[in-house]
Amino acid sequence: MMVKKFFLLIIALVFCLILLDKAFQFFLRQNMNTKMAYISREELDYDLLIHGPCEPLWMINPTQLDSITGISSYNLALSHSDFADNFIHLYQYLKHQKAPKYLLLYITPESMDLRYNKFNTYRFADFLADSTVASIVEEMDPLYFKWSKLPFVRYAYYSNFINFKFVQGVKHFFQKRKTPYHENGYEAPAIQAWHYNLSKMVELYPKNIEFKWNSMREKYLIKLVKYAQKKGIKVIFYESPVFAPTISYQKNRGEFIEHIKNTAQSLAVDFWEFGEIPMSKNEENFFSTLNTTLKGSRIFTDTLGKHIRQNLLCE
């Protein structure tokens, strides 16, 4: 009798986990603040996609940019994302939406170094049924992928990143929400006083910062570019402003910029360099080495918009 009860308990537990798995998948896809869900459900049509990690996410406002260029744009960037993460988001966008004419992809020496940014597995937990997504997740996070085959483990594994999104998805479902809080994809940086401390960076890197080129980053950068080009999209690399006093502490920055240029050339991609433009010298424009304040973001978006109008739309 005890054995029978034990097996019935196990069956009931597995059944509950399967129900939880289905519930999490459904409600996560109702969360319109999650870009993977939003671009999968709503019909979008943009001329330009802005892509990359937090720098473009907090720096380029499509509303301001569009007023300068006269074309429509969407900010697909996400914080702390590497090129594999970026690839899946572009893949998901093109799976459900009309291909844009242009893709503006952020790249800087940190982009090629494994110590900066990362692959955020939890963002793709409810999309593992897609073989392309699954294969990338398996390569980037093999231990997670192994355990994700068990009921509900794909959500429980990174639950601290997922639970809030699930609850928000439930809320959006009952609200019948169709648009995200940041509808154009841009998230403005917090309005704050200057707090960047150069001396702390020097203390953290006493021998200066030496970047390390990572082959996996390069692999997915190339994969992303070739995929976009296959869809008829013109890809442009760009580097946004870097706070000028920090550049001298980046030991091999020049070498990495040349490597990026060579990569861009081999892929037939333009590389727009804004890293050392005049606004880079003003500390009021930055709250970290690579991230601009609200004021700096507005200045750069204006600069970028004019550059797009003069160098891309006039071709």
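Because the structure is predicted, anything quoted here is derived from the model rather than measured.

About the thresholds
Throughout, residues of each chain are indexed from 1 in the direction in which the sequence is written. Residues qualify for local features only when their pLDDT is at least 70, as the model is predicted, and side-chain atom pairs are given and counted only at 80 or more; totals for whole chains, interfaces and linings, by contrast, use all residues. For side-chain calculations, the full set of non-hydrogen atoms in the structure is used, while hydrogens and water are omitted. Type-normalised accessible area, obtained with a 1.4 Å probe on protein chains alone, sets the label of each residue: buried when under 20%, exposed when over 50%, and partly exposed for intermediate values. Secondary structure elements follow DSSP: runs of H or I of four or more residues count as helices, runs of E of two or more count as strands, with numbering from the N terminus. Stacked, edge-to-face and tilted labels apply to pairs of Phe, Tyr and Trp rings (six-membered ring for Trp) whose centres lie within 6.5 Å, assigned for plane angles under 30 degrees, over 60, and everything in between, in that order. Placement of a positive charge over a ring is assigned whenever Lys NZ or Arg CZ falls within 6 Å of the ring centre and within 35 degrees of the normal to the ring plane. Counted as salt bridges are all cases of a side-chain nitrogen of Lys or Arg within 4 Å of a carboxyl oxygen of Asp or Glu. Between any two strands, at least two bridges found by DSSP are needed for them to pair. With the strands pointing away from the viewer, any crossover whose connection runs clockwise from the first strand over the helix to the second is right-handed. Charged residues are defined narrowly, with Lys and Arg counted positive, Asp and Glu counted negative, and His plus the chain ends left uncounted. Here, residues are in contact when the closest pair of their heavy atoms is within 4.5 Å. Given a helix with a known number of residues, its expected span is that number minus one, times 1.5 Å. Directions from the helix axis toward the C-beta atoms define the arc. Take the buried Ala, Val, Leu, Ile, Met, Phe, Trp, Tyr and Cys residues and link them wherever side-chain atoms come within 4.5 Å; each set so joined is a nonpolar core.

**Q** I would appreciate a short explanation of unusual backbone geometry in the present structure.
**A** Working note: non-glycine residues mostly have negative phi, and peptide bonds are mostly trans. Despite not being glycine, Phe 152 shows a phi value in the positive range, around 70°. According to the relative accessible area criterion, Phe 152 is buried, its value standing at 14%. One non-glycine residue with positive phi stands out, namely Ala 268, at about 60°. Among the structural elements, Ala 268 can be located in the loop between α12 (253-266) and β5 (270-273).

**Q** Could you clarify how one ought to interpret the packing of aromatic side chains in this entry?
**A** For the structure shown, the criterion picks out 27 aromatic pairs. Centroid distance Tyr 91 to Tyr 227: 6.1 Å. Interplanar angle 50°. Geometry classified as tilted. Within this pair, whereas Tyr 91 is found in helix α5 (residues 83-96), its partner Tyr 227 is found in helix α11 (residues 215-230), the two being separated by 136 residues in sequence. According to the relative accessible area criterion, Tyr 227 is buried, its value standing at 17%. Members of the aromatic cluster, connected to one another through ring pairs, are Phe 24, Phe 26, Phe 27, Phe 152, Tyr 155, Phe 166, Phe 173 and Phe 174. One residue, Arg 29, lies across the ring of Phe 127, its end atom 4.5 Å from the ring centre. Lying over the aromatic face of Phe 87, Lys 223 brings its terminal NZ or CZ to 5.1 Å of the ring centre.

**Q** Where do I start with the pattern of salt bridges in this structure?
**A** Two side chains carrying opposite charge are able to pair once their charged atoms lie near each other. Scanning the model with the defined rule gives 15 salt bridges in all. Where Lys 251 meets Glu 210, a salt bridge forms, and the shortest distance between an N and an O atom there is 3.8 Å. Here Lys 251, found in the loop between β4 (234-239) and α12, pairs with Glu 210, found in the loop between α10 (198-204) and α11; they are 41 residues apart in sequence, far enough to count as distant. On the accessibility criterion, Glu 210 (43% relative accessible area) is partly exposed. Here the salt bridges do not stand alone but share partners, grouping Glu 239, Arg 253 and Glu 276 into one network.

**Q** Explanation requested: the pairing of β4 in the structure shown.
**A** On any regular strand, side chains alternate: one points to one face of the sheet, the next to the other face. The buried fraction of β4 is high, at five of six residues. Pairing of strand β3 (residues 102-106) with β4 involves five bridges; the strand directions are parallel. In the sheet register, Leu 104 faces β4, and the bridge partner there is Ile 236. Direction of pairing for β4 relative to β5: parallel, over a ladder of four bridges. Residue pairing across strands places Phe 237 opposite Phe 271, the latter belonging to β5. Between the parallel pair β4 and β5, the chain is carried across by α12, and the sense of this crossover is right-handed.

**Q** Is there a simple way to think about the side chain of Lys 35 in this case?
**A** Position of Lys 35 relative to the elements: it lies in helix α2 (residues 35-41). For the buried residue Lys 35, which engages in no salt bridge, the nearest side chain bearing the opposite charge is Glu 187, 5.6 Å off. Setting aside chain neighbours within four positions, we find Lys 35 in contact with Leu 57, Tyr 74, Asn 75, Leu 76, Ala 77, Leu 78, His 89 and Gly 185.

**Q** Before we go on, may I ask you to explain helix α13 (residues 294-311) in this structure?
**A** Three or four residues apart is the spacing at which side chains of an α-helix point the same way, because the helix has 3.6 residues per turn. Spanning 18 residues, α13 covers 25 Å between terminal C-alpha atoms, matching the ideal 26 Å at 1.5 Å per step. Buried within α13 we find Leu 294, Gly 296, Ser 297, Phe 300, Thr 301, Leu 304, Gly 305 and Ile 308. Buried residues in α13, looked at end-on, bunch into an arc of 165°, giving them a common side. The secondary structure elements touched by the buried residues of α13 are β1 (48-51), α3 (54-59), α4 (62-69), β3, β4 and β5.

**Q** Before we go on, may I ask you to explain the nonpolar core in this structure?
**A** Inside soluble globular proteins, nonpolar side chains tend to come together where they are buried. The biggest cluster of nonpolar side chains holds 60 residues, and the ones touching the most others in it are Leu 90, Tyr 93, Leu 103, Ile 107, Val 137, Leu 221 and Phe 237. For this core, the element with the highest residue contribution is α5, accounting for eight residues. Ignoring any residue separated from it by four or fewer positions in sequence, one finds Leu 90 in contact with Leu 49, His 51, Leu 76, Leu 103, Leu 224, Tyr 227 and Ala 228.

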